[in-house]
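Listed below, chain by chain, are the residues.
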Amino acid sequence: MWIILGCPRGGPGHPLAASVVEGERVGVSQPGVVLKRAEPGHLQSVRPGARQRPSSAEVYVRQWLARELHDGVAQVLTGMVMEIEQVKAEQTGRRGAQEALDSLQASTRNVLASVRQTLLTLRGEPTLGPNLDEWLQALLDRFHAETGIETRLLGADSWPAQLSAHASINLSRIVEEALHNVRLHSGAQLVLVSLSEADGVARLYLRDDGRGRKEVDGPAWQGLGTLGMKERALILGGELRVESGFGDGTAIELRLPVGMLTS
Ligand SMILES: Nc1ncnc2c1ncn2[C@@H]1O[C@H](COP(=O)(O)OP(=O)(O)OP(=O)(O)O)[C@@H](O)[C@H]1O
Ligand SMILES: [Mg+2]
């Protein structure tokens, strides 16, 4: 059995740090976390073969990994399956097939980049915070090219250009999931993304002009995507609300302390 002795190499700001600074025991060793074999008598409650209730650290790491796999891998692969279906149905000529392959290659690179980012985080290596407005604009351009849905970005200069790695990974996953939902569920023609800041609160607002949630969804209903977005908002010290009305588009609003963008 192993116990955690210190922080991951990314320091206290590292996404896994919360699981470590508490000095919690974990049932399985996590790469990138400094572990040491427990002294005899240290962990009376942890006997080999005994069925353990997961510690809060383990639950934290599991939830984090589940979000990363949903947002960074499963979500992109779903998009690729849809794209392949579309190409098969359209039976495009050689040129169309070439364009489809280019697009699938770009999506494959995206999945690989996500997997690398997750592995770097698990290993405790620092990850690069993106230059926010360039990253957002590139994401929206790509979304438009793939879906034909128009996009508009407002107020990107009201936020710090360089975010911390911790903020950037959680924010980028929230925006990617929201756009993925627009693509899958909305039938929208336009997506508006707006960034603003007032009284120490940073606000990200993403709205589409699509069909809104189906009535059967009900207010309590949510999938893994919405759950993940809300968890990421909490991790950033903020909250995320979804507004949607049948036939009236869907919006997500994220509000967080502005200091969390860079710490
Ligand atoms: N932009 C949107 N327009 C219309 N309906 C939406 C939109 N976003 C979400 N929904 C509805 O809310 C539901 C929940 O979304 P959520 O992202 O939580 O789960 P999901 O996309 O169905 O699956 P996943 O867990 O893979 O994300 C969707 O199934 C859809 O019915
Ligand atoms: Mg979703």
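Up top you'll find the structure we're talking about.
Residue numbers run consecutively from 1 along every chain, following the written order of its sequence. Lettering of chains starts at A and numbering of ligands starts at 1, both following the order in which they are written. Local features are withheld for residues below a pLDDT of 70 in this predicted model, meaning they are given only at 70 or higher, and side-chain atom pairs are given and counted only at 80 or more; totals for whole chains, interfaces and linings count all residues. With hydrogens and water excluded, all non-hydrogen atoms of the structure serve as input to the side-chain values.

(A) Structural context of the sheet that holds strand 5 (residues 201–208). Strand pairing is assigned whenever DSSP detects at least two bridges linking the two strands. Secondary structure is summarised from DSSP: a helix means a run of H or I of at least four residues, a strand means a run of E of at least two, and numbering begins at the N terminus for each. A sheet is described by the order of its strands in space; here 5 strands give the open sequence 3-4-5-7-6, paired in mixed fashion. Lying at the two open borders of the sheet, with one neighbouring strand each, are strand 3 (150–154) and strand 6 (239–244). The mean angle between the axes of side-by-side strands here comes to 10°, regardless of whether they run parallel or antiparallel. Pairing of strand 4 (residues 190–198) with strand 5 involves 8 bridges; the strand directions are antiparallel. Among the inter-strand pairings, Val-193 is bridged to a residue of strand 5, identified as Leu-206. Each axis is a line fitted through C-alpha atoms, taken for helices only over the stretch in contact, and angles between the N-to-C directions span 0 to 180 degrees.

(B) Inspection of the nonpolar core at higher detail. Ranked by size, the top nonpolar core spans 31 residues in total, and within it Leu-171, Leu-204 and Leu-206 carry the most contacts. Those elements giving two or more residues to this core turn out to be helix 4 (132–147), helix 5 (165–186), strand 4, strand 5, helix 6 (224–235) and strand 7 (250–257). Broken down by element, this core gets its largest block of residues, 7 residues, from helix 5. Pairs of residues are marked as contacts when any of their non-hydrogen atoms sit within 4.5 Å. Setting aside residues up to four positions removed in sequence, Leu-206 forms contacts with Val-175, Ala-178, Leu-179, Val-182, Val-191, Leu-192, Val-193, Thr-250, Ala-251 and Ile-252. Working definition of a nonpolar core: buried Ala, Val, Leu, Ile, Met, Phe, Trp, Tyr and Cys residues. They are joined through side-chain atoms within 4.5 Å. Burial classification: accessible surface area is computed with a 1.4 Å probe over protein chains only, and a residue below 20% of its type maximum counts as buried, one above 50% as exposed, and the rest as partly exposed.

(C) Up close: unusual backbone geometry. For Asp-199, which is not glycine, the phi torsion reads 50° and is therefore positive. Within the secondary structure layout, Asp-199 lies in the loop between strand 4 and strand 5. A relative accessible area of 79% places Asp-199 in the exposed class.

(D) Examining the packing of aromatic side chains more closely. Any Phe, Tyr or Trp ring, taking Trp's six-membered ring, that has another such ring centre within 6.5 Å forms a pair; planes under 30 degrees apart are called stacked, those over 60 apart edge-to-face, and the others tilted. In total, this model carries 0 aromatic pairs according to the counting rule given. Stacked on the ring of Tyr-205, the Lys or Arg Arg-203 has its end atom at 4.6 Å from the ring centre. Over a ring means this: the NZ of a Lys or the CZ of an Arg is within 6 Å of the ring centre and within 35 degrees of the ring normal.

(E) Geometry of the coordination of the magnesium ion (ligand 2). Only nitrogen, oxygen and sulfur atoms qualify as donors, and only when within 2.8 Å of the metal (3.2 Å in the case of Na, K and Ca); with water excluded, sites may look incomplete. Around the magnesium ion (ligand 2), the protein supplies Glu-177 (OE) and Asn-181 (OD1) as donor atoms, at distances of 2.2 Å. Taken together, the residues span about one helical turn, with Glu-177 and Asn-181 both in helix 5 at a distance of 4 residues. Looking at Glu-177, the relative accessible area reads 3%, which means it is buried.

(F) Quick look at the side chain of Thr-226. On the secondary structure map, Thr-226 appears in helix 6. Residue classification places Thr-226 among the buried positions, given a relative accessible area of 7%. Once residues lying within four places of it in the same chain are set aside, the contact partners of Thr-226 are Glu-177, Arg-213 and Val-242.

(G) View of the site of ligand 1. In the vicinity of ligand 1 there are 16 residues, among which Asn-181, His-185, Asp-208, Gly-223 and Thr-226 approach most closely. Any N or O atom pair separated by 3.5 Å or less is treated as a polar contact, with the protein-specific requirement of one donor-capable and one acceptor-capable atom, and with residues adjacent in sequence counted only for side-chain atom pairs. Take His-70: an N or O atom from its side chain is 3.1 Å from an oxygen atom of ligand 1. Contacts to ligand 1 include Thr-226, whose side-chain N or O atom sits 2.5 Å from an oxygen atom. For every accessible area listed, the method is Shrake-Rupley and the probe measures 1.4 Å; residues are considered covered only by the protein chains on display. Here ligand 1 loses 84% of its free accessible area of 590 Å² to cover by the protein chains. Looking at the shell around ligand 1, the elements with two or more residues in it are helix 5 and helix 6. Looking at the shell around ligand 1 element by element, the count peaks at 5 residues for helix 5. In the scheme used here, Gly and all other residues not listed as nonpolar or charged are polar, with Ala, Val, Leu, Ile, Met, Phe, Trp, Tyr, Cys and Pro taken as nonpolar and Asp, Glu, Lys and Arg as charged. Classifying every residue of the shell around ligand 1 by side-chain character gives 3 nonpolar, 9 polar and 4 charged. Any residue with a heavy atom lying within 4 Å of a molecule or strand is counted as near it.

(H) The environment of Val-201, seen in detail. Topologically, Val-201 is positioned in strand 5. Judged by relative accessible area, which is 28%, Val-201 ranks as partly exposed. Here the alpha-carbon distance between Val-201 and Leu-256, two residues 55 residues apart in the chain, equals 5.6 Å.

(I) Expanded view of the pairing of strand 7. Counting buried residues along strand 7, 6 of its 8 residues qualify, which places the element largely inside the surrounding structure. Of the strand pairs in this sheet, strand 5 and strand 7 are connected by 8 bridges, and their pairing is antiparallel. By the bridge assignment for strand 7, Val-201 is matched with Pro-257. Relative to strand 7, strand 6 runs antiparallel, the two sharing 6 bridges. Bridge pairing in strand 7 places Arg-241 opposite Glu-253. Turn length for the strand 6-strand 7 hairpin, with the two strands adjacent in sequence and antiparallel, is 5 residues, and the turn residue Gly-247 shows positive phi of about 80°.

(J) Structural context of the packing of helix 5 against helix 6. Look at helix 5 against helix 6: their axes get within 10 Å of each other, and the N-to-C directions meet at 155°. Accordingly, the angle class assigned to the pair helix 5 and helix 6 is roughly antiparallel. Our pair here, helix 5 against helix 6, has a crossing hand that is left-handed. When helix 5 is examined against helix 6, the residues His-166, Ile-169, Asn-170, Arg-173, Ile-174, Glu-177, Ala-178 and Asn-181 are found in contact with a partner set consisting of Gly-225, Thr-226, Met-229, Arg-232, Ala-233 and Ile-235. For the contact of helix 5 with helix 6, the class distribution of residues is 6 nonpolar, 5 polar and 3 charged. Just so you know how the angles are binned, under 35 degrees is roughly parallel, over 145 roughly antiparallel, 65 to 115 roughly perpendicular, and the rest oblique. Left-handed describes a crossing whose near helix is turned anticlockwise from the far helix by less than a right angle; the clockwise case is right-handed.

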